[in-house]
Amino acid sequence: IKLEDFRFMRFVDQGNNFSLQQRKELLMMIRDHLASIIPRYRALAESGKVELSMTPYAHPIAPLLFDLHSASQAIPDISLPESTHYPGGEQRMAWHIEQGLAVFEKNFNRRPVGCWPAEGAIDESTLRLLDDYDFQWAASGGTVLRHSLAPSLHSIGQVPHAKLHYLYQPENRNTACFFRNDELSDLIGFTYSSWHADDAVADLVQRLENIAKQFADDSEACTVIALDGENAWEYFPNNGLYFLRALYKRLGGHRKLQLTTFSELLSEVEKPKRENLPNIVAGSWVHGTLRTWIGNQDKNRAWDMLVDAKLCVDRELSRGNLNHDQIQAVQYKLAVCEGSDWFWWFGDDNPMQTSLEFDRLFRLQLMSLYKLLEQPSPDYLAEPFTHLHASADLPLGGTMRKAE
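Residues numbered from 1 in each chain as written. Predicted model: local features only at pLDDT ≥ 70, side-chain atom pairs only at ≥ 80, totals over all residues. Heavy atoms only, no water.

(A) Geometry of the nonpolar core. In this structure, F178, F243 and F362 are the most contacted members of the largest nonpolar core, which totals 99 residues. Sorting elements by how many residues they give to this core places helix α12 (residues 297-319) first, with 8 residues. Leaving out residues up to four positions away in the same chain, F243 has contacts with I188, Y192, A197, A200, V201, L204, W233 and F236. (Core = buried A, V, L, I, M, F, W, Y, C linked by side-chain atoms within 4.5 Å. Buried < 20%, exposed > 50% of the residue type's maximum accessible area, 1.4 Å probe, protein only. Helix = DSSP H or I, 4+ residues; strand = E, 2+ residues; numbered from the N terminus. Contact = heavy atoms within 4.5 Å.)

And the structure:
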């Protein structure tokens, strides 16, 4: 929303005590701006100024749907739920991908080339499924790459920083992998919001120039900056306007740094150089692990409740008593329950009040799912499962987390 718009400035100047008519007018103006978002993104993509990727429909953590034990690849001694697996996880991930593609194609009239899996969470099974859907690229966090390269170099501490700046090709896969520069991405996410925009841009560009100098003779080196698009900017003055405007102005005219998209990089040369990646250790852009969504008593309990619900779904669908509309409603409600954010906010690594609220909402969604199945909800859904703990003191309230 452009505050320069005089209609909005009237409300900004007034500040409060809005009449009913003014509130209606403001809501209509907000509606009009929201309705313009998808057409603007479509126009930017068609002009080649941006590349749009997709994320599976309800933002599930793919490796955990495939295998709850995948979390132990990066953390061997992690505590896991009582449930041994998530039933039908591969079919559910395929459903999320297909629904995500349908939404994308409906809104942008094209099929996406790349996929950013929810929270950058990948493993061997995730990449295999993305291959099946002909994605040309996927992306994740730099620490996932470090964990994946560490076995061949005997320790994560021996993985050279320079290894981050290449395109990788997992063995026996067509989908290429990009890994973000965690340090630069986290500077934007957690540090630069408290700096003057010009100072922040100067620091970031200097760091990029230092990387470019290191790879002066390698035209195929790249640096990936990726972060939650919706969270960081609210902590910057004017939602990051000054920082972003100064950054793009500086980079747009830079002689040695070239802005690009993943698809452009893949198509710039006939066969772009790709480093071999023989193994993928399951992880995400948060710490390079899956601990944010599993491994805590409360998170594990939530998984067990979700598994119970999924078993009930499978049982009722197999009986054939639900009509087409009921089955559709069940599938979408199950997808809501499979979303990653529930598990993010459970556990003692979050503010207590936030955990309790997500606890309540998660149980309501599960009860709604059982209602759609015309089955009674388990008694345990009537009581909170979140254990009392001291409120965690997290940067940005826990909405974002550093890579390490």
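Let us keep going from here.
(B) Examining the environment of L311 more closely. When you line up the elements, L311 lands in helix α12. Its relative accessible area of 41% is what places L311 among the partly exposed residues. Along the chain, L311 and P87 lie 224 residues apart, while their C-alpha atoms are 7.0 Å from each other.

(C) Focus on the packing of aromatic side chains. All told, the structure shown has 28 aromatic pairs when counted by the stated rule. Plain terms: the ring middles of W345 and F358 are 5.7 Å apart, the flat faces sit at 25° to each other, and that makes the pair stacked. One end of the pair, W345, is in helix α14 (residues 340-345); the other, F358, is in helix α15 (residues 352-372), with 13 residues separating them in the sequence. For W345, a relative accessible area of 10% corresponds to the buried category. Aromatic rings pair up to connect Y86, W293, W303, W342, F343, W344, W345, F346, F358, F362 and F385 into one cluster. When the ring centre of W95 is taken as reference, the NZ or CZ atom of R92 above it lies at 4.6 Å. Lying over the aromatic face of Y380, R301 brings its terminal NZ or CZ to 4.5 Å of the ring centre. (Phe/Tyr/Trp six-rings, centres within 6.5 Å; stacked < 30°, edge-to-face > 60°. Lys NZ or Arg CZ within 6 Å of the ring centre and 35° of its normal.)

(D) Expanded view of helix α9 (residues 197-214). End to end, α9 covers 26 Å across 18 residues, agreeing with the expected 26 Å (1.5 Å per residue, within 8%). Here α9 has its buried residues at A197, A200, V201, D203, L204, V205, L208 and I211. In the core, the buried residues of α9 are packed alongside α8 (182-191) and α10 (241-252). (Expected span 1.5 Å × (residues − 1).)

(E) Layout of unusual backbone geometry. Within the chain, N109 stands out as a residue other than glycine whose phi angle is a positive 55°. The residue N109 is located in the loop between α5 (89-108) and β1 (114-115) in this model. Phi angles above zero are rare outside glycine, and E119 is one such case at about 60°. If you trace the backbone, E119 turns up in the loop between β1 and α6 (124-132). The exposure class assigned to E119 is buried, which follows from its relative accessible area of 6%.

(F) How the structure looks around the pattern of salt bridges. If you walk through the whole model with that rule in mind, you get 15 salt bridges. Put simply, R92 and E338 hold a salt bridge, and the shortest N to O gap is 3.0 Å. Of the two residues, R92 is situated in helix α5 and E338 in helix α13 (residues 324-338); the sequence distance between them amounts to 246 residues. Under the relative-accessibility criterion, R92 is labelled buried at 5%. Note on E338: relative accessible area 2%, which makes it buried. With a shortest N-O distance of 3.9 Å, E316 and R315 are connected by a salt bridge. For R315, a relative accessible area of 39% gives the class partly exposed. Put simply, R180, D182 and D186 are held in one network by salt bridges that share partners. (Salt bridge = Lys/Arg side-chain N within 4 Å of Asp/Glu carboxyl O.)

(G) Focus on α13. In this model α13 runs 21 Å from its N-terminal to its C-terminal C-alpha over 15 residues, within 8% of the 21 Å that 1.5 Å per residue would give. Among the residues of α13, those classed as buried are V330, Q331, L334, A335, C337 and E338. Seen along its axis, α13 keeps its buried residues to an arc of 160°; they face one direction. Its side-chain oxygen placed 3.1 Å from the backbone nitrogen of D325, N323 serves as the N-cap of α13. (Arc of directions from axis to C-beta. Polar contact = N/O pair within 3.5 Å; in protein donor to acceptor, adjacent residues only side chain to side chain.)

(H) Inspection of the environment of L129 at higher detail. For L129, the location among the structural elements is in helix α6. As a C-alpha pair, L129 and E268 span 139 residues in sequence and 26 Å in three-dimensional space. Leaving out residues up to four positions away in the same chain, L129 has contacts with F66, E90, M93, A94 and I97.

(I) Summary view of a nonpolar patch on the surface. Together, L34, I37, I38, Y41, L44 and V50 give the surface a local cluster of nonpolar side chains, amounting to about 470 Å² of exposed area. Here the nonpolar patch takes 4 residues from helix α3 (residues 37-47), the largest share from any one element. Within the fold, Y41 resides in helix α3. Overall, the relative accessible area of 45% leaves Y41 in the partly exposed class. (Patch = residues over 30% accessible without salt bridge, like charges linked within 9 Å, V, L, I, M, F, W, Y side chains within 5 Å. Areas by Shrake-Rupley, 256 points an atom, 1.4 Å probe, with all protein chains shown as cover.)

(J) Focus on the pairing of strand β4 (residues 176-179). On β4, burial covers both faces: A176 and F178 on one face and C177 and F179 on the other are all buried. Note that strand β2 (residues 137-140) and β4 share 4 bridges and pair parallel. Pairing of A139 across the sheet is with F178, part of β4. (Pairing = 2+ DSSP bridges.)

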